[in-house]
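# Residue-level structure breakdown
If you want the building blocks of each chain, they are given just below.
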Amino acid sequence: MPLTDWFVQQSFQPSVPLAIALVAVWLAVVGLVAIAVKRFNLGGSETIRKVVHIGTGNVILLAWWLQIPAWVGMVASVLFSVITLLSYRYPILPAINTVGRKSLGTFFYAASIGMLIAWFWTIGQPHYAVIGVLVMTWGDGMAALVGQRFGHHPYTLWGMTKSWEGSLAMGVMSYLVSLLVLWGVQGLTIPTWTVPLAIALVATLLESVSKLGIDNLTVPLGSAAIGFLLNQG
């Protein structure tokens, strides 16, 4: 039995208010972890941002398990997109943004989740939305952390300077999360092993050439799209 069948069988399909409450609890836990990192000086501002980046993105797994309706995800995306836009002018999200910050990454992050839910939830294939979000969450997140700590071999592509170490982390994590999701949905087939390679390559390329945080839009949408297209027919 594919893992996704077990996954769905274990879901208890709570009411929408309860599902929203559970998601809110998860996000609150992520926020508390970020506060603890800052309070106990466990990392700098970039570490805090990536804690939020990775922790928040994993909410897509909770939404998938709880079978949250598409409209809930889209409304939440619009709401958080507005909040993130305001945060660039006002200190609403001081842990992950600074007022006047040039990058729109946080906005693109929130918007891309809503776009993926609108696309794949409505056609009954939410796992592609999950792939897109998790590639952004873990791939991009680990690329930044590894690149900053171990990025001793930089390269420049289309005006963007990255490190080979960070790009390798991006590719490996993108492949792994795509593999695990597809494995759970369709079992061990040839596409299960090969499609994630294409996803990882596309995601790594998009991340390496992105400016002003737009990789938080191009990476998840590109990853989900290539996975979906290659698995058709």
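Look up: the structure comes first, before these words.
Bear in mind that the values here come from a model prediction, so they are computed numbers and not experimental data.

## What to know about the environment of Thr-218
Its location among the elements puts Thr-218 in helix α10 (residues 215-230). Its relative accessible area of 24% is what places Thr-218 among the partly exposed residues. For the pair Thr-218 and Gly-132, spaced 86 residues apart in sequence, the C-alpha to C-alpha distance is 9.6 Å. The contacts of Thr-218, once residues within four sequence positions are left out, are Leu-206, Ser-210 and Ser-223.

## Digging into the packing of helix α7 (residues 126-150) against α10
The N-to-C vectors of α7 and α10 enclose an angle of 135°; their axes lie 8 Å apart at closest approach. On the basis of the axis angle, α7 is oblique to α10. Here α7 runs over α10; the crossing is right-handed. Facing Tyr-128, Gly-132, Val-133, Val-135, Met-136 and Asp-140 of α7, the residues of α10 in contact are Asp-215, Asn-216, Val-219, Pro-220, Ser-223, Ala-224, Gly-227 and Phe-228. Residue composition of the contact of α7 with α10, by class: eight nonpolar, four polar and two charged.

## A few points about the packing of aromatic side chains
Counted under the stated rule, the structure contains seven aromatic pairs. Ring centres of Phe-120 and Tyr-128 lie 5.6 Å apart, and the angle between their planes is 45°; on these two criteria the pair is classed as tilted. For Phe-120, a relative accessible area of 0% corresponds to the buried category. For Tyr-128, a relative accessible area of 3% translates into the label buried. With a centroid separation of 4.4 Å and an interplanar angle of 35°, the aromatic rings of Tyr-155 and Trp-164 are classed as tilted. Ring pairing ties together the aromatic residues Trp-119, Phe-120, Tyr-128 and Phe-228, which thus form one cluster. Taking the ring centre of Phe-40 as reference, the NZ or CZ of Arg-39 above it sits at 5.5 Å.

Scoring rules and cut-offs
Residues numbered from 1 in each chain as written. Predicted model: local features only at pLDDT ≥ 70, side-chain atom pairs only at ≥ 80, totals over all residues. Heavy atoms only, no water. Helix = DSSP H or I, 4+ residues; strand = E, 2+ residues; numbered from the N terminus. Buried < 20%, exposed > 50% of the residue type's maximum accessible area, 1.4 Å probe, protein only. Contact = heavy atoms within 4.5 Å. Axes fitted to C-alpha atoms, helices over the stretch in contact; angles between N-to-C directions. Parallel < 35°, antiparallel > 145°, perpendicular 65-115°, else oblique. Left-handed = near helix turned anticlockwise from the far one by under 90°. Nonpolar A, V, L, I, M, F, W, Y, C, P; charged D, E, K, R; others polar. Phe/Tyr/Trp six-rings, centres within 6.5 Å; stacked < 30°, edge-to-face > 60°. Lys NZ or Arg CZ within 6 Å of the ring centre and 35° of its normal.

Read these as spatial facts, not as claims about activity.
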